[in-house]
Amino acid sequence: MTTQARVLLLVPARTYRAADFILAAERMGLDLVVASDGALPLGRAVIPARSADLDASARRILARAGSVDAVVAADTPMLVLAATVAGAMGLPHNPVDAVRAALDKSAQRQRWAAADVSQPSFRLVPAGDSIRQAATAVGFPCVVKAVSLSASQGVLRADDPAGAVEAARRIRQVLDEAERPAAEPLLVEEYLPGPELSIDGVLTAGDLTVTAVFDKPGMPDGPTFEETLLVTPSRLAAGTLAAAVRVAADAARALGLCTGPVHAELRICDRGPAMLELAPRSIGGLCSRALRFPGGASLEEIVLANALGRPVPAAAGPARPAGPARPAGVFMLPVPRPGTLRAVEGKADALAVPGVTGLTITIPPGQQVRPLPDGDRYLGFVFAEADTPAGVEHALTAAVARLRVVIQ
């Protein structure tokens, strides 16, 4: 008789990902133990755990969780705690210092530079030092970014020294509102023109298995860099894709990551694929709902299977991963302007576009919203499938054109 596998899932209260991971665990017949820093409508007991109170939370989880076969973080805020707990339990995990490095954009850049991983040239600017001098050394245009934020929050392009100074001022304001330490440095890096893509995969003993590669045909050139349109499979040449996957795998190894999901962002520039960022988690938001793998598996099921040491259903070669069963994509709806969200109209018209498979608005009416680089949320997500990636792109852009965002 097969014993039911038991998994500890660490869920931050502020995440889109909880429901999808719980559904995946149910589909796989797993016995799930949940720890969280907030109340979750799960109908089950939840172990209190706060990532900001690492040691006490780890002790509490170790005392209450019992024996488990794997530890999985549902989203970024729980990554360090998950690695800490898994290490204490003797389960496969990434080293805590590797996870911390992956969550700090300055540490990423420094480790990649030491390992000669292809990336933009950069300067780390401590608080109080001259942004103008660093930006001039990197060259224009350049990108000024916070080292601790995500989802394109606190990232701005600057085209001249005055623009770099203004970008830094705005980003410092964002950091202050996010209650980040005043001494946090900023990163100034070379702006790389060219197509952008993201690579999702899972690591097993340091080896990367690709699950999906997304093109980003709607990626802006600045001054902000909100992600909107993601389409898989990639339409880039096989040789370019293979090179990008090699760079992403090298980047993960250089950070010290060895197991679990990774989400890498790269640009294809005149010197080949170059790393922008890498996170030790799967793709964020609700974007994973665009993906359905052969046999009906979700991306969350693949992440859980990998944590349990099971074969990954989407395993394939690096140049042309099997990926989703059909071309698919997602449009992340950005906040167009600040104010109070009153409504997103035209949803029925958008859902009527051939190929569109779903639409979810994630911010309820009445809430204050702010666009990037100040805000950190998207209005919602539109999903589509088609026979070709071009068909997916057409369906998503047509659907979004039918939506009307009402902000007062």
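Residues numbered from 1 in each chain as written. Predicted model: local features only at pLDDT ≥ 70, side-chain atom pairs only at ≥ 80, totals over all residues. Heavy atoms only, no water.

**Student:** Hey, could you go over the overall build of the chain for me, with residue numbers and the actual values?
**Tutor:** What the chain contains, in helices and strands, is 11 helices and 19 strands. Relative to the globule expectation of 22 Å for 408 residues, the C-alpha radius of gyration of the chain, 21 Å, shows essentially globular dimensions. Its C-alpha atoms put the chain at 70 × 50 × 50 Å along the principal axes. The 408 residues of the chain split such that 54% are buried. In the chain, of all internal contacts separated by at least 6 residues, the share reaching a separation of at least 24 is 69%. Working note: accessible area of the chain is about 16,800 Å², and carbon and sulfur atoms make up 52% of it. A distance of 3 Å separates the average location of the 40 positive side-chain charges in the chain from that of its 41 negative side-chain charges. (Helix = DSSP H or I, 4+ residues; strand = E, 2+ residues; numbered from the N terminus. Rg over C-alpha atoms; globule rule 2.2 N^0.38 Å. Buried < 20%, exposed > 50% of the residue type's maximum accessible area, 1.4 Å probe, protein only. Contact = heavy atoms within 4.5 Å. Areas by Shrake-Rupley, 256 points an atom, 1.4 Å probe, with all protein chains shown as cover. Lys, Arg positive; Asp, Glu negative; His and termini not counted. Charge placed at Lys NZ, Arg CZ, Asp CG, Glu CD.)

**Student:** Before we move on, can you summarise the side chain of Asn94 with the specific residues and values?
**Tutor:** Residue position: Asn94 is located in the loop between α3 (79-89) and α4 (96-102). Among the polar contacts listed, one links the side chain of Asn94 to the backbone nitrogen of Cys258, at a separation of 2.7 Å. When residues no more than four places from it in sequence are discounted, the contact partners of Asn94 are Ala83, Val99, Leu257, Cys258 and Thr259. (Polar contact = N/O pair within 3.5 Å; in protein donor to acceptor, adjacent residues only side chain to side chain.)

**Student:** Run through the environment of Arg271, naming residues and quoting values.
**Tutor:** Mapped onto the elements, Arg271 comes out in the loop between β12 (260-269) and β13 (272-279). Counting along the chain gives 236 residues from Arg271 to Ala35, while the straight-line C-alpha distance between them is 44 Å. Apart from the residues within four sequence positions on either side, Arg271 is in contact with Gln119, Pro120, Ser121, Glu190 and Leu192. Here the side chain of Arg271 touches Gln119 through a polar contact of 3.2 Å, landing on its backbone oxygen. Of note is the side chain of Arg271, whose polar atom sits 3.0 Å from the side chain of Glu190.

**Student:** With reference to specific residues and values, describe the layout of surface pockets.
**Tutor:** The computed volume of the second largest pocket comes to approximately 430 Å³. Around the second largest pocket sit 32 residues that line it, and Val71, Asn94, Thr259, Gly260 and Pro261 are the ones nearest its centre. Here the residues of the lining of the second largest pocket are counted per class, giving 21 nonpolar, eight polar and three charged. (1 Å grid on protein atoms, 1.4 Å probe; cavity = no way out; pocket = protein on both sides within 12 Å on 5 of 7 lines; lining within 4 Å. Points joined across faces, edges and corners; volume = space filled by probe spheres on them. Nonpolar A, V, L, I, M, F, W, Y, C, P; charged D, E, K, R; others polar.)

**Student:** Help me get a handle on the packing of aromatic side chains, residues and values and all.
**Tutor:** The tally for this structure, following the rule as stated, stands at two aromatic pairs. Ring plane angle 85° and centroid distance 5.5 Å describe the contact between Tyr16 and Phe381, whose orientation is recorded as edge-to-face. Linking Tyr16 in the loop between β1 (6-11) and α1 (18-27) with Phe381 in strand β18 (residues 380-385), this pair joins segments that are 365 residues apart in sequence. For the cation-ring pair, Arg157 lies above Tyr191, with the distance from its terminal atom to the ring centre recorded as 4.6 Å. (Phe/Tyr/Trp six-rings, centres within 6.5 Å; stacked < 30°, edge-to-face > 60°. Lys NZ or Arg CZ within 6 Å of the ring centre and 35° of its normal.)

**Student:** How would you sum up α3? Please name residues and give values.
**Tutor:** Each α-helix winds once per 3.6 residues, and so residues spaced three or four apart point in a common direction. Turning to α3, its buried residues are Leu79, Val80, Leu81, Ala82, Ala83, Val85 and Ala86. The elements touched by buried residues of α3 are β1, α2 (54-64), β4 (70-73) and α4.

**Student:** Go over the sheet that holds strand β19 (residues 404-407) with me, naming the residues and quoting the values.
**Tutor:** Read from one edge to the other, the open sheet built from three strands follows the order β17-β15-β19, with strand pairing classed as antiparallel. Two strands in the sheet have a free side with no partner beyond their single neighbour: β17 (368-369) and β19. Note: strand β15 (residues 339-345) against β19, four bridges, orientation antiparallel. Within the sheet, the bridge partner assigned to Leu341 lies in β19 and is Ile407. (Pairing = 2+ DSSP bridges.)

**Student:** If you had to explain the sheet that holds strand β2 (residues 31-36) to someone new, which residues and values would you point to?
**Tutor:** The four strands lie next to each other as β3-β2-β1-β4, forming an open sheet whose pairing is parallel. Both outer strands of the open sheet, β3 (47-48) and β4, are each paired with one neighbouring strand and no more. Bridge count between β2 and β3: two bridges; the pairing is parallel. In the sheet register, Ala35 faces β3, and the bridge partner there is Ile47. Strands in contact with α1 are β1, β2 and β4; relative to β1, the strand with the most contacts, it is inclined by about 175°. (Axes fitted to C-alpha atoms, helices over the stretch in contact; angles between N-to-C directions.)

**Student:** How would you explain the environment of Ile302 if you had to name every residue and give the values?
**Tutor:** Structurally, Ile302 is set in helix α9 (residues 299-307). Separated by 10 residues in sequence, Ile302 and Val312 place their C-alpha atoms 5.9 Å apart.

**Student:** An account of the pattern of salt bridges is needed here, citing residue identities and associated values.
**Tutor:** Note on pairing: side chains with opposite charge can pair once their charged atoms come close. In this structure the tally under the stated criterion is 24 salt bridges. A salt bridge links Glu190 to Arg271; the nearest nitrogen and oxygen atoms lie 3.0 Å apart. Within this pair, whereas Glu190 is found in strand β8 (residues 186-190), its partner Arg271 is found in the loop between β12 and β13, the two being separated by 81 residues in sequence. For Glu345, the salt bridge goes to Arg404, with nearest N and O atoms at 3.5 Å. Taken together, the residues Glu345 in strand β15 and Arg404 in strand β19 connect sequence positions 59 residues apart. Sharing partners across several salt bridges, the network here consists of Lys105, Arg109, Lys145, Glu189 and Glu277. (Salt bridge = Lys/Arg side-chain N within 4 Å of Asp/Glu carboxyl O.)

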